[in-house]
Amino acid sequence: MWNPDVPQPIKFFETWSEVPGDNYDNGFKAEWEIFIRHLYEGAPFKWTLTEGAKGVQLAEAGLRSWKERRWVDIPALKV
């Protein structure tokens, strides 16, 4: 049990280890680059307005779930 009055004996950062592999770029930056390339070079862009609306719907459901402290169903998006 954590007690704020007792010093923490575990040095959490010392237990971490480096994970080998690629360095990942900022996801928002990467998606903007894909979108801008789509606008100016005509490159394909797989996310449609409907996919964006689904993302907003999911975010709103997440906030509602948190506020009401319960699972919420996400209805099919009417297009």
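Structure shown above.
Here goes a summary of the coordinates provided. No experiment lies behind these values; they were computed from the predicted model shown. (Residues numbered from 1 in each chain as written. Predicted model: local features only at pLDDT ≥ 70, side-chain atom pairs only at ≥ 80, totals over all residues. Heavy atoms only, no water.)

### Description of the pattern of salt bridges
1) Next: Tallied over the full model, the rule gives six salt bridges.
2) Next: Between E33 and K29 there is a salt bridge whose closest N-O contact spans 3.4 Å. Here E33 pairs with K29, and both are found in helix α1 (residues 27–41), just four residues apart, close to one helical turn.
3) Next: Close ionic contact of R70 with E68 constitutes a salt bridge, the shortest N to O distance being 2.7 Å.
4) Next: You can call R70 partly exposed: its relative accessible area is 40%.
5) Next: Among the residues examined, E68 registers a relative accessible area of 39% and is labelled partly exposed. (Salt bridge = Lys/Arg side-chain N within 4 Å of Asp/Glu carboxyl O. Helix = DSSP H or I, 4+ residues; strand = E, 2+ residues; numbered from the N terminus. Buried < 20%, exposed > 50% of the residue type's maximum accessible area, 1.4 Å probe, protein only.)

Remember that the coordinates give geometry; whether it matters functionally is a separate question.
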